[in-house]
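Single-letter residue listing:
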Amino acid sequence: MLTIRMSRGGRRNDPSFALVLTDSRKSRDGGFIEKLGNYDPRAQKVLFNLKTDRIKSLVKSGATLSDTVRTLLSKEKITF
């Protein structure tokens, strides 16, 4: 099953995350299929480089969203 979730990157005490499409059985920072955007909790603009059209098409074709990604997208007023 395909899942859209976050993968952690960045330095210690300075996290940044990537929104990725991955198989749900892979580990958090394991291999991913496609990078769909970035999330930086310390920046002014929290979500950037977001591929909204691609995310919408993936959700319509059966991909699931993690709870955290669903919350972030709803705060950005992106609905499915």
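In case you missed it, the structure is sitting above this.
Residues numbered from 1 in each chain as written. Predicted model: local features only at pLDDT ≥ 70, side-chain atom pairs only at ≥ 80, totals over all residues. Heavy atoms only, no water.

Enquirer: Please provide a residue-by-residue account of the pairing of strand 2 (residues 14-23), values included.
Expert: Most of strand 2 is tucked away, with 8 of its 10 residues classed as buried. Taken together, the 10 bridges between strand 1 (residues 2-11) and strand 2 define a ladder with antiparallel strand orientation. Considered in strand 2, the bridge of arginine 8 is made with phenylalanine 17. Counting the residues that bridge the hairpin from strand 1 to strand 2 gives 2 residues, and of these asparagine 13 lies at a positive phi of roughly 65°. Judged from the 5 bridges that link them, strand 2 and strand 3 (residues 34-39) form a sheet pairing that is antiparallel. Looking at the pairing, alanine 18 lines up with asparagine 38 of strand 3. (Buried < 20%, exposed > 50% of the residue type's maximum accessible area, 1.4 Å probe, protein only. Helix = DSSP H or I, 4+ residues; strand = E, 2+ residues; numbered from the N terminus. Pairing = 2+ DSSP bridges.)

Enquirer: Let's hear about the pattern of salt bridges: which residues, and what values?
Expert: Enumeration according to the criterion identifies 6 salt bridges in this entry. Between aspartate 14 and arginine 42 there is a salt bridge, with the nearest N and O atoms lying 4.0 Å from each other. One end of the pair, aspartate 14, is in strand 2; the other, arginine 42, is in the loop between strand 3 and strand 4 (47-48), and 28 residues separate them in sequence. The partly exposed category is assigned to aspartate 14, whose relative accessible area is 28%. Here the salt bridges do not stand alone but share partners, grouping Arg11, Asp14 and Arg42 into one network. (Salt bridge = Lys/Arg side-chain N within 4 Å of Asp/Glu carboxyl O.)

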